[in-house]
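Listed below are the residues making up each chain.
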Amino acid sequence: MAKMGCQMLWLPLALTLMMATVSTGGSIVEECDPGDLKGLASFRGGIHMDTSGRLAKWVGRRCCRWQGVSCNNETGRVTEVHLPGFISSVDFVFQSRMEGWFSPSITLLTSLEVLDLGGLAGLSGRIPTSIGRLKNLRKLYLYGNKLRGSVPESIGKLLKLEELHLHENRLSGFLPPTLGCLKNLNALLLHSNRFTGSIPASFSNLTNLMHLDLHANSITGHIPQNIGDLQLLKELDLSDNLLNGEIPASVNNLTSISVMYLDANHLEGEIPFPSNYGQMPLLGFLRLQNNQLGGKIPPNLGYLVSLQRVSLENNKLEGAIPSSLGNLEALTELYLSSNKLSGVIPKSIGQLSHLILLTLSHNSIQGPLPNEMSALQNLQTLDLSFNSLTLNSIPRWVAELPSLSRIYLAGCGIKGQIPAMLKSTPSPIQELDLSANDLTGGIPAWMGSLTQLYSLNLSRNQLSSSIPASVADFQELGVLDLHSNNITASMEHVFKIGTSFPGGSLTYVDLSDNSFTSGIQQISVGTLERVVYLNLSHNLQEGKLPTSMEKLKALQSLDLSYNKFGFGLVEALANLSHLETLKLQRNQFTGRIPAEFLNLKNLKDLDLSDNLLVGEIPAGRPLSDFPQSCFTGNTGLCGKPLSSCKS
């Protein structure tokens, strides 16, 4: 039926060609064709704002001289309309904006070959149902708009169409099977919309297609079994949809494929490619993560010699990592985290001389680590966290890799003190995660010399002693997680991090579940003004909260629970307008809840329970939206949502 439908579309095209306008002998027609003029005028009439000023110059009847309009010199008919949102020249790039309605009268331009309205973020409306009238159209760019509704069936009449870009809109409904009639199409971009339903089987007719992108929709069903018929396909992106079933074996026939993204779906079964050496010889980028793929990593994956980036993480893959992966000489990034992989890391991994990133976390991989990995001279990121390695100590070659700057060895059974060899690595450490190990002793003073460190996670260890003053020397630190240790004394040095650099870099601080007794009074506004998350809960701090906390304008989550803070709740907290979480339970706060707390309009999580608060809870949202449990344990507190106050 689909083929018959496509054949029937040739009849009106043939009639159009027979009725084509006779050449005027090379003369340029000055006045616009009446139909074209009406179509352009209607389009202009639907736009009420144009920051580029192009439409303001559309005056008179000589439309072929209008900016963005091109005509056939012989017939005078409009052949191209170029009004993209991005206007570039030698000197600048300008993002223009048009707001208004996409007039369906644009389809009166029946000689149109190119329509480019891409990137006009304020253009709303629908794709005209009469779009099929534009039988000469070769390129249709309607991406980056606010178009709604479905793609009309009549789009299948555009038999000359080579490029169809409808991405980044609000289009919905099923993909019309008539798209399979567009056999001259080489680029079909429909991503970032709201399409539902399955991929039409007729897509296998698009044998000239080189770029197919449907990602970020809600497409269901299976990948078409005949997807391998698209042998000119270079880039295939079906990621971030609701596809299920198995990956068709026909993908082995995609001889030109260089990019394949099938991640973030519900795909299952085994990885079926390549079945033989020489298949998919150009495949360089493969993403299959966030699916339900099972079985083993196929040894034949080592045949894909052009692979540069491979992500198989967050699936159900099991068994050993095949040694054949060492044949992927071009590989730069390998993601295998969050599977059920076991066995040891093959020695052949050391052959991947171009590898810059290796993540194997959250598997059941066993030790020891092969010494051959010391040959990974270009490795920048190494993540072996949460496996069954039981390293006891960090291998010296890890600290000697010349390019390594991001080290994740959480939950690897490392014991003893933080090794001093990390002090002088060839490449400055930028991210270090040694959490969930058996580290003992204190945080060494030399850590402050890691001036390029951005993220430090030493949580869930047995670290003791106090925080050294040298941590204030951290210049770039953005994430600090020390929770669940035995660290004592004051946390004041944390609040001095980056004091030499206005604004600071800290955005995330977790010092919870330790034995800190003081330090919050030394909060320096200059270093914490970018902090979004601050957790100081489950410590031994006491005293009054400093009013300087009102300056932490970016703060979204504040947890001071399970301490010994006292005195009244400072009104300064009400100035944290971005606050979404505020946990102050199990302290010794006294007095009334400040009425100013009603200003915390973004608050979603609140707990003031088990303090010494009294008086009436300020009436109104957001306080009235929280359950009783957020206020219980304050014997002198009353008012909604607790019982009414006695008069």
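Computed from a predicted structure; not experimentally measured. (Residues numbered from 1 in each chain as written. Predicted model: local features only at pLDDT ≥ 70, side-chain atom pairs only at ≥ 80, totals over all residues. Heavy atoms only, no water.)

A. Structural detail: the overall build of the protein chain. Within the protein chain one finds five helices and 45 strands. Referenced to the eigenvectors of the C-alpha coordinate spread, the extents of the protein chain come out at roughly 95 × 70 × 50 Å. Put simply, the protein chain has 647 residues, and 52% of those count as buried. Sequence separation of at least 24 residues holds for 56% of the intrachain contacts in the protein chain that already meet a minimum separation of 6. With the model as given, the accessible surface of the protein chain reaches about 27400 Å², and the carbon-plus-sulfur share is 50%. Here the protein chain holds 48 positive side-chain charges and 52 negative ones, and the gap between their average locations is 7 Å. (Helix = DSSP H or I, 4+ residues; strand = E, 2+ residues; numbered from the N terminus. Buried < 20%, exposed > 50% of the residue type's maximum accessible area, 1.4 Å probe, protein only. Contact = heavy atoms within 4.5 Å. Areas by Shrake-Rupley, 256 points an atom, 1.4 Å probe, with all protein chains shown as cover. Lys, Arg positive; Asp, Glu negative; His and termini not counted. Charge placed at Lys NZ, Arg CZ, Asp CG, Glu CD.)

B. Quick peek at the sheet that holds strand 40 (residues 564-568). In space, the five strands of this open sheet follow the order 38-40-42-44-45, with parallel pairing throughout. Each edge of the open sheet is held by one strand with a lone partner, namely strand 38 (542-543) and strand 45 (636-638). Bridge count for strand 42 (residues 588-591) against strand 44 (residues 612-616) is two bridges, and the pairing is parallel. In the sheet register, G591 faces strand 44, and the bridge partner there is L613. (Pairing = 2+ DSSP bridges.)

C. Region of the structure containing the UniProt feature "domain: Disease resistance R13L4/SHOC-2-like LRR" (unreviewed entry) in the protein chain. The feature "domain: Disease resistance R13L4/SHOC-2-like LRR" (unreviewed entry), as annotated in UniProt, sits at residues 93-216 and 279-492 in this numbering. Here residues 279-492 is 2% helix and 20% strand, with 61 Å between the C-alpha atoms at its ends. (UniProt positions renumbered as here; feature names shortened; annotations may be inferred.)

D. Seen up close, unusual backbone geometry. A cis amide bond links F273 to the next residue, P274, at an omega of -15°. Residue placement: P274 occurs in the loop between strand 19 (266-269) and strand 20 (285-287). Here the residue pair K640 and P641 is connected by a cis peptide bond, since its omega of 10° sits within 30 degrees of zero. You can see P641 is positioned in the segment after strand 45. One non-glycine residue, R460, lies in the positive phi region at around 55°. Tracing the backbone shows R460 in the loop between strand 32 (455-457) and strand 33 (479-481). A positive phi angle is found at S484, which is not glycine, with a value near 60°. Of note, S484 is situated in the loop between strand 33 and strand 34 (488-490).

E. Representation of the pairing of strand 6 (residues 98-101) in the model. Only one face of strand 6 is buried, namely the one carrying M98 and G100, since none of E99 and W101 on the opposite face is buried. Pairing geometry for strand 1 (residues 47-50) and strand 6, over three bridges, is antiparallel. Bridging across to strand 6, D50 finds its partner in M98. Summarising the sheet, strand 6 and strand 8 (residues 122-126) pair through three bridges and their orientation is parallel. In the sheet register, G100 faces strand 8, and the bridge partner there is L123.

F. The sheet that holds strand 6, seen in detail. In space, the six strands of this open sheet follow the order 1-6-8-10-12-14, with mixed pairing throughout. Strands at the two margins of the open sheet, each flanked by one partner only, are strand 1 and strand 14 (194-196). Within the sheet, the average angular offset between the axes of one strand and its neighbour, ignoring direction, is 15°. Sheet topology note: the strand 12 (residues 170-174)/strand 14 ladder contains three bridges and is parallel. (Axes fitted to C-alpha atoms, helices over the stretch in contact; angles between N-to-C directions.)

G. Seen up close, a negative patch on the surface. A surface patch of like charges, here negative, comprises E246, E268, E270 and E318. In this fold, E246 is placed in strand 17 (residues 244-246). The exposure class of E246 is exposed, given its relative accessible area of 54%. (Patch = residues over 30% accessible without salt bridge, like charges linked within 9 Å, V, L, I, M, F, W, Y side chains within 5 Å. Salt bridge = Lys/Arg side-chain N within 4 Å of Asp/Glu carboxyl O.)

H. The packing of aromatic side chains, seen in detail. In this structure the tally under the stated criterion is six aromatic pairs. With centroids separated by 5.4 Å and ring planes inclined at 90°, the aromatic side chains of Y277 and Y303 adopt a geometry described as edge-to-face. Of the two residues, Y277 sits in the loop between strand 19 and strand 20 while Y303 sits in the loop between strand 21 (292-293) and strand 22 (309-311), which places them 26 residues apart along the sequence. Overall, the relative accessible area of 34% leaves Y303 in the partly exposed class. Geometrically, the ring pair formed by Y508 and Y533 is stacked, given 4.5 Å between the ring centres and 5° between the ring planes. (Phe/Tyr/Trp six-rings, centres within 6.5 Å; stacked < 30°, edge-to-face > 60°.)

I. Seen up close, the state of the cysteines. A full pass over the atoms with the stated rule returns three disulfides. Residue pairing for C32: its cysteine sulfur links by disulfide to C63, the two sulfurs lying 2.0 Å apart. Given an S-S torsion of about 75°, the disulfide between C32 and C63 has right-handed geometry. Placement of the pair is C32 in the loop between helix 2 (10-18) and helix 3 (34-45) and C63 in the loop between strand 1 and strand 2 (69-71), with a sequence separation of 31 residues. On the basis of relative accessible area, C32 is assigned to the buried category, the value being 4%. Two residues, C638 and C645, share a disulfide whose sulfurs are 1.9 Å apart. Taking the sign of the S-S torsion, about 95° here, the bridge from C638 to C645 comes out right-handed. Residue C638 is classed as buried on the basis of its relative accessible area, which comes to 16%. (Disulfide = S-S within 2.5 Å.)

J. Spatial organisation of the nonpolar core. In terms of nonpolar packing, the biggest core is built from 179 residues, with M260 and F273 touching the most fellow members. Within the residue set of this core, elements represented by two or more residues are helix 3, strand 2, strand 3 (78-82) and helix 4 (396-400). In this structure M260 touches L236, V251, L254, F273, M280, L283, F285, L286 and R287, once residues within four positions along its chain are discounted. (Core = buried A, V, L, I, M, F, W, Y, C linked by side-chain atoms within 4.5 Å.)

K. Highlighting the confidence of the model for the protein chain. Of the residues in the protein chain, 94% reach a pLDDT of 70 or more, and the chain-wide mean stands at 92. For the stretch residues 8-27, pLDDT sits under 50, and the model shows 17 contacts to residues farther than four places along the chain or on other chains. (pLDDT = per-residue confidence, 0-100.)

L. Region of the structure containing the side chain of Q541. Along the chain, Q541 falls in the loop between strand 37 (533-535) and strand 38. Overall, Q541 belongs to the buried group, its relative accessible area being 0%. Filtering out sequence-adjacent residues up to four positions away, Q541 remains in contact with M491, F516, T517, S518, G519, I520, L536, N563, K564 and F565.

M. Examining the environment of N208 more closely. Locating N208 in the fold gives a position in the loop between strand 14 and strand 15 (211-213). Of the residues examined, N208 reaches a relative accessible area of 33% and is grouped as partly exposed. Placed 160 residues apart in sequence, N208 and P368 show a C-alpha to C-alpha distance of 50 Å. Residues in contact with N208, not counting those within four places in the same chain, are K183, N184, L185, N186 and L232. In this structure the side chain of N208 is engaged in a polar contact, spanning 2.7 Å, whose partner is the backbone oxygen of K183. (Polar contact = N/O pair within 3.5 Å; in protein donor to acceptor, adjacent residues only side chain to side chain.)

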